[in-house]
Amino acid sequence: MLAPGSTIGILGGGQLGRMLALAAARLGLKSHIFCPPGDNPGSHVCDSITLAEYDDAAARARFAAAVDVATYEFENVPVDCVAEIAARVAVRPGVEALRISQDRLTEKNFLAGLGIVTAPFASVDDAAALTQAVARIGLPAILKTRRLGYDGRGQSMLRTVLDVPGAWERVGASPSILEGFVDFEREISVIAARGIDGSIASYDPPENLHKDGILAISRVPAQIPDAIAREAAALTSRILTEMDYTGVIGVEFFVLKDGRLAVNEFAPRVHNSGHWTLDACAISQFEQHIRAICGWPLGDTARHSNAEMQNLISADVMQWSALAVEPGLCLHLYGKDAPRPGRKMGHVTRLFDKSGTLVR
Ligand code: AMP
């Protein structure tokens, strides 16, 4: 177990790194963020920072020497960079989880190998392969780049055959997958942690509403039978155990109209749909991740209130002064400089008691 006073290295300087650093500080741990120059809200609240490109070998070596354990706060940190750091200091979760989740095709094949249902998918490596994939998967479908897509980026919706010409170019002519469009009833996610000893603890799954491919709202509890919540937690446990994972994971599920579950994707990190745990649980997903990677016992995932988390995307953040006077509202602002379109600038959480009355 890493004692208080130890230093956690965090690859990535975004809001997730910021909230991890704040959680580490609450436990008396220090944090050291490694990120390329730019608007890095995580760097405002950490003890030390290495400002360098991920391919800067000297910076990586300095970072690895300065920390007691390392983690990553976004899944697009280059695998080579993480592998090199992992040769010098423990990186949790490991390189394997990153490798799988960075590539939608690898991820889908991994899930299929576990017998876990996903959207039907086909690999697309050029425009001709897209035509074949459409014939196999059918329409509507979504063309998604295998790598570096998030929050709906690198995706093209194909509703009819008229949308097929040009779609390959629209996703940047890069290796992609075609996913059948899932006519889901709702979307939920499981935020769960696996400790160094293999123990697993899950929060109750929130129900998630997206707008333009970006998470807008997470509500807990989700309007689903207990059996579906248990099944989602069990599938998440299998994914965690298979990867011999340490830390928090976010697994996104489609609840199909017949009640079956399909995994959309997973993120090997704390997850936006778990932000409500900051205010509705004694131990948030951020503290849970810090506990797990430091070898501490996992904390209690019980929820003392129901909750609704709403992202403040782009100009939404301009409402901060009105939100600041709203009774009972938990306001979280990330300190980013420019509210560019689609950028997550903060979030708010409203808590409710079991009868649905706002807690204030
Ligand atoms: P992703 O970036 O893959 O997580 O997609 C963002 C959101 O787009 C998801 O949360 C869904 O709301 C929607 N979406 C993605 N893939 C599919 C699919 N195969 N079928 C239906 N909706 C999807």
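Fair warning: this is a prediction, and the values are worked out from it, not measured in the lab. (Residues numbered from 1 in each chain as written. Predicted model: local features only at pLDDT ≥ 70, side-chain atom pairs only at ≥ 80, totals over all residues. Heavy atoms only, no water.)

**Student:** Could you give me a rundown of the overall build of the protein chain, with the residues and numbers involved?
**Tutor:** Within the protein chain, the secondary structure is distributed over 11 helices and 17 strands. At 20 Å, the protein chain has a C-alpha radius of gyration in line with the 21 Å of a compact globule built from 360 residues. For the protein chain, the C-alpha atoms occupy an extent of roughly 60 × 55 × 40 Å along the three principal directions. Looking at the protein chain as a whole, 56% of its 360 residues qualify as buried. Here the contacts in the protein chain between residues at least 6 apart in sequence split such that 61% fall between residues at least 24 apart. For the protein chain, the exposed area adds up to about 14,900 Å²; of that, 53% sits on carbon and sulfur atoms. (Helix = DSSP H or I, 4+ residues; strand = E, 2+ residues; numbered from the N terminus. Rg over C-alpha atoms; globule rule 2.2 N^0.38 Å. Buried < 20%, exposed > 50% of the residue type's maximum accessible area, 1.4 Å probe, protein only. Contact = heavy atoms within 4.5 Å. Areas by Shrake-Rupley, 256 points an atom, 1.4 Å probe, with all protein chains shown as cover.)

**Student:** Could you give an account of the sheet that holds strand E4 (residues 69-72), naming the residues involved and the relevant values?
**Tutor:** Strands sit in the order E3-E2-E1-E4 across an open sheet of four strands; the sheet is parallel. Strands with a single pairing partner mark the edges of an open sheet, and in this sheet they are strand E3 (48-51) and E4. Averaged over all pairs of adjacent strands, the angle between strand axes in this sheet comes to 20°, irrespective of strand direction. Pairing between strand E1 (residues 7-11) and E4: four bridges, direction parallel. Paired with Ile10 across the strands is Thr71, a residue of E4. Sitting on the sheet, helix H1 (residues 15-26) touches E1 and strand E2 (30-35), and the angle it makes with E1 is about 175°. (Pairing = 2+ DSSP bridges. Axes fitted to C-alpha atoms, helices over the stretch in contact; angles between N-to-C directions.)

**Student:** Describe in detail the environment of Leu27, supporting the description with residues and values.
**Tutor:** With respect to the element layout, Leu27 can be found in the loop between H1 and E2. A residue is classified by how much of its surface remains accessible, and Leu27, at 15% relative accessible area, is buried. As for Leu27 and Thr71, which are separated by 44 residues in sequence, their C-alpha atoms are 17 Å apart. Not counting chain neighbours up to four residues away, the residues in contact with Leu27 comprise Pro4, Glu287, Ile290, Arg291 and Trp296.

**Student:** So what's going on with the domain arrangement of the protein chain? Which residues, and what values?
**Tutor:** Accessible area lost upon the coming together of the parts is a frequently used measure of interface size. Looking at the assigned domains, one finds that the protein chain contains domain 1 (7-91), domain 2 (120-180) and domain 3 (184-352). Centre-to-centre, using C-alpha coordinates, domain 2 lies 28 Å away from domain 3. Across the boundary between the two partners, domain 2 contributes five residues, which contact six residues of domain 3. If you look at where domain 2 meets domain 3, you find zero salt bridges. (Domains from an automatic or database assignment. Salt bridge = Lys/Arg side-chain N within 4 Å of Asp/Glu carboxyl O.)

**Student:** Lay out the site of the ligand with the relevant residues and their values.
**Tutor:** Looking at the ligand, there are 18 residues lining it, with Lys144, Glu179, Val182, Glu187 and Glu265 nearest. Arg104 places a polar side-chain atom, nitrogen or oxygen, 3.1 Å from an oxygen atom of the ligand. One of the side-chain nitrogen or oxygen atoms of Lys144 is found 2.7 Å away from an oxygen atom of the ligand. With the chains in place, 92% of the 470 Å² that the ligand exposes on its own is no longer accessible. Of all the secondary structure elements, the ones that give two or more residues to the shell around the ligand are strand E6 (141-145), strand E8 (176-180), strand E13 (247-255) and strand E14 (261-267). Taken together, the residues of the shell around the ligand break down into six nonpolar, six polar and six charged. Structurally, the shell around the ligand is a two-domain feature, drawing no fewer than three residues from each of domain 2 (120-180) and domain 3 (184-352). (Near = heavy atom within 4 Å. Polar contact = N/O pair within 3.5 Å; in protein donor to acceptor, adjacent residues only side chain to side chain. Nonpolar A, V, L, I, M, F, W, Y, C, P; charged D, E, K, R; others polar.)

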